[in-house]
Amino acid sequence: MAIYAISDLHLAFSSDKPMDIFGEKWVQHDEKIKNNWIEKVTEDDLILIAGDISWAMNPSESKEDLDWIDKLPGKKIISKGNHDYWWGSITKLNKLYESTKFIQNNFYVYEDYAICGTRGWICPGSDKFTSKDEKIYLRELIRLRLSLDAAKGAGYQKIIVMLHYPPTNEKFEESEVQKILKEYNVEKVIYGHLHGMALSRVLNGNIDGIEYILTSADFINFSPKRIL
């Protein structure tokens, strides 16, 4: 049994959003993901999918994309990305499938690990950070703590966190997100969101005892990355 991770699937089976406009590597990217997934992942494995799942704008449009994911091998945990406009009630989402679950202010268990997470947001210090971003960022800090508190309250010490946004700004300045991750002794953090030129300089590796793992689909060649 193993844990894999991938993010930024950007599926569009029910919408007209071809990803190949972002470069040749995105041509038929869904087939690449499916083939690599089936080759690597077994039904006993867990796959963490950290946001930007579907280009759908509402729950009904997202069904074909979510069904596609659910039919792939393994158990899946999905967290929200900035493009997941279809994301509705977490209670309703978690009633959709047996092997695919959604994370928001909660956590899931895989063997002796707690899987926590939230979407995250642009971090302070970024060139694009505004007062509007600050409100969203502070709310995401609360959601991260809620997820971690739930896991700690249940007695779990080994924790993996799913984020969609990077946990720091492009200058790699320590953020409040990172301070929380250290406070709760998080072991691993997976995140996505970054594409294109942004992939030339990323937070990847062990920093202050936490392993940060970028899982944007195009960064990991559309192949789920084994993290445990």
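Conventions and cut-offs
Residues numbered from 1 in each chain as written. Predicted model: local features only at pLDDT ≥ 70, side-chain atom pairs only at ≥ 80, totals over all residues. Heavy atoms only, no water. Buried < 20%, exposed > 50% of the residue type's maximum accessible area, 1.4 Å probe, protein only. Helix = DSSP H or I, 4+ residues; strand = E, 2+ residues; numbered from the N terminus. Arc of directions from axis to C-beta. Contact = heavy atoms within 4.5 Å. Polar contact = N/O pair within 3.5 Å; in protein donor to acceptor, adjacent residues only side chain to side chain. Lys, Arg positive; Asp, Glu negative; His and termini not counted. Salt bridge = Lys/Arg side-chain N within 4 Å of Asp/Glu carboxyl O. Core = buried A, V, L, I, M, F, W, Y, C linked by side-chain atoms within 4.5 Å. Phe/Tyr/Trp six-rings, centres within 6.5 Å; stacked < 30°, edge-to-face > 60°.

Where an unreviewed UniProt entry is consulted, the protein chain appears under the name Serine/threonine protein phosphatase, with the organism given as Clostridium paraputrificum.

Undergrad: Tell me what's going on with helix α5 (residues 176-183), and back it up with residues and numbers.
TA: Along α5, the residues that are buried comprise V177, Q178, I180 and L181. Burial along α5 is one-sided: seen end-on, the buried residues are contained in an arc of 160°. Tucked into the core, α5 has its buried residues touching α4 (131-153), β7 (158-162), β8 (188-191) and β10 (210-214). The N-cap of α5, judged by a side-chain oxygen 3.3 Å from the amide nitrogen of V177 a few residues on, is S175. Phi turns positive one or two residues past the end of α5, at N185, with a value near 55°.

Undergrad: Can you lay out the side chain of D8 for me, pointing to particular residues and giving the numbers?
TA: With respect to the helices and strands, the residue D8 is situated in the loop between β1 (3-6) and α1 (29-40). Although D8 lies buried, it forms no salt bridge, and the closest oppositely charged side chain, R119, sits 12 Å away as judged by the N-O distance. Of note is the side chain of D8, whose polar atom sits 2.7 Å from the side chain of S7. Leave out the neighbours within four places in its chain, and D8 touches W26, G51, D52, H164, G192, H193, H195, S216 and A217.

Undergrad: Could you give an account of unusual backbone geometry, naming the residues involved and the relevant values?
TA: Positive phi values are uncommon outside glycine, yet H10 reaches one of about 45°. Within the secondary structure layout, H10 lies in the loop between β1 and α1.

Undergrad: I'd like a description of the nonpolar core, backed by residues and values.
TA: Counting residues in each nonpolar core, the largest one holds 29 residues, and the members touching the most others are I6, W37, I49, I69, I78, W86 and F102. The element that contributes the greatest number of residues to this core is helix α2 (residues 59-71), accounting for three residues. Among residues more than four places away in sequence, those in contact with I78 are I49, I53, L66, I69, W87, T100, K101, F102, I103 and M162. Core analysis: the next-biggest nonpolar cluster, separate from the first, contains 28 residues, L144, A151, V189 and Y191 among them.

Undergrad: Residue-level account of the packing of aromatic side chains, with values.
TA: For the structure shown, the criterion picks out eight aromatic pairs. Taking the centre distance of 5.0 Å and the plane angle of 80° together, the rings of W26 and F222 count as edge-to-face. With W26 in the loop between β1 and α1 and F222 in the loop between β10 and β11 (225-226), the pair connects residues that are 196 residues apart, well separated along the chain. Judged on exposure class, the residue W26 and its partner F222 are both buried. Measuring from centroid to centroid gives 6.2 Å for F129 and Y137, while their planes differ by 90°, and the two rings are edge-to-face. Aromatic rings pair up to connect W86, W87 and F102 into one cluster.

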